[in-house]
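Residues per chain are reported as follows:
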Amino acid sequence: MKIVKESGFRYSEYTNKKELSTEDIRLIENAVEAQKSSYSPYSNFKVGAAIQLENGEIIQGSNQENGSYPSGLCAERVALFYAGVKFPNIPINTIAITASFNNQQVSEPLSPCGACRQVMIESRNIGNKPMRVILVGKERVYVIEDVTFLLPFNFSSVNDAVK
Ligand code: THU
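Residues numbered from 1 in each chain as written. Predicted model: local features only at pLDDT ≥ 70, side-chain atom pairs only at ≥ 80, totals over all residues. Heavy atoms only, no water.

A. How the structure looks around the site of the ligand. Around the ligand sit S43, F45, V47, N63, E65, C74, A75, E76, P112 and C113, and those are all the residues in its vicinity. N63 places a side-chain nitrogen or oxygen 2.9 Å from an oxygen atom of the ligand. In this structure, an oxygen atom belonging to the ligand sits 2.9 Å away from a main-chain N or O atom of A75. Its free accessible area being 380 Å², the ligand has 75% of it covered by the protein chains. Those elements that provide at least two residues to the shell around the ligand are β2 (45-53) and α2 (75-86). Among the residues forming the shell around the ligand, the class breakdown is 6 nonpolar, 2 polar and 2 charged. (Near = heavy atom within 4 Å. Polar contact = N/O pair within 3.5 Å; in protein donor to acceptor, adjacent residues only side chain to side chain. Areas by Shrake-Rupley, 256 points an atom, 1.4 Å probe, with all protein chains shown as cover. Helix = DSSP H or I, 4+ residues; strand = E, 2+ residues; numbered from the N terminus. Nonpolar A, V, L, I, M, F, W, Y, C, P; charged D, E, K, R; others polar.)

Shown next, in the form of structure tokens:
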């Protein structure tokens, strides 16, 4: 029997950042600040990420490039892995992401790459709580209530697949 299924999700768009909570605004400011530490001489694309942990801590990350291009790492994964080192098992409430190109802040929200989404979902599952995602552009901000929406059919480990 064939069953047609559907997947989709709702998210919020803000055209005025001031309508966000003070906590979210502070996290966005941290993501913007994180861009300053980006090492991106090859792309000139500075990505900043900031993570709000359940214990109140904020962790920043930025993209770190390398002359051997595939050896570099995206801002999101730098932040997530650092959070894992510094605060293992503390759930992550929210991650905010933004970027600038040639020192111009992106006008539209930056959407994280597939590899980062996969890592974000596993970090979320370690904490076993929804992880909000805030994608920040100059013109608008998107708020997604759980990162799992961003990668349907994500890989969730061999043990989950083999029953
Ligand atoms: N990059 C990120 O840091 N995050 C993403 O989600 C996508 C891309 C970085 C990788 C590289 O340093 C630069 O942006 C250009 O692709």
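B. Broad picture of the environment of K18. Within the fold, K18 resides in the loop between β1 (12-14) and α1 (22-34). Owing to a relative accessible area of 74%, K18 belongs among the exposed residues under this scheme. Each C-alpha atom of the pair K18 and S37 lies 26 Å from the other, and the pair is 19 residues apart in sequence. (Buried < 20%, exposed > 50% of the residue type's maximum accessible area, 1.4 Å probe, protein only.)

C. Main features of a nonpolar patch on the surface. The grouping of F9, Y11 and F149 at the surface amounts to a nonpolar patch, some 280 Å² of accessible area in total. Turning to its location among the elements, F9 is positioned in the segment before β1. (Patch = residues over 30% accessible without salt bridge, like charges linked within 9 Å, V, L, I, M, F, W, Y side chains within 5 Å. Salt bridge = Lys/Arg side-chain N within 4 Å of Asp/Glu carboxyl O.)

D. Geometry of the nonpolar core. Among the nonpolar cores identified, the biggest contains 28 residues, and I51, L80, I95, I97, M120 and V133 are the most heavily contacted of them. In contact with V133, not counting residues within four places along its chain, are I95, I97, M120, Y142, V143, I144, V147 and L150. Residues L27, A50, I134 and V141 belong to the second largest nonpolar core, which totals 10 residues. (Core = buried A, V, L, I, M, F, W, Y, C linked by side-chain atoms within 4.5 Å. Contact = heavy atoms within 4.5 Å.)

E. Examining the pattern of salt bridges more closely. Under the counting rule described, the total for this entry stands at 6 salt bridges. Between R140 and E13 there is a salt bridge; the shortest N-O distance is 3.1 Å. Here the residue R140 occupies a position in the loop between β6 (132-136) and β7 (141-144), and E13 occupies one in strand β1, the gap between them amounting to 127 residues. The salt bridge partner of D24 is R132, with a shortest N-O separation of 2.8 Å. Within this pair, whereas D24 is found in helix α1, its partner R132 is found in strand β6, the two being separated by 108 residues in sequence.

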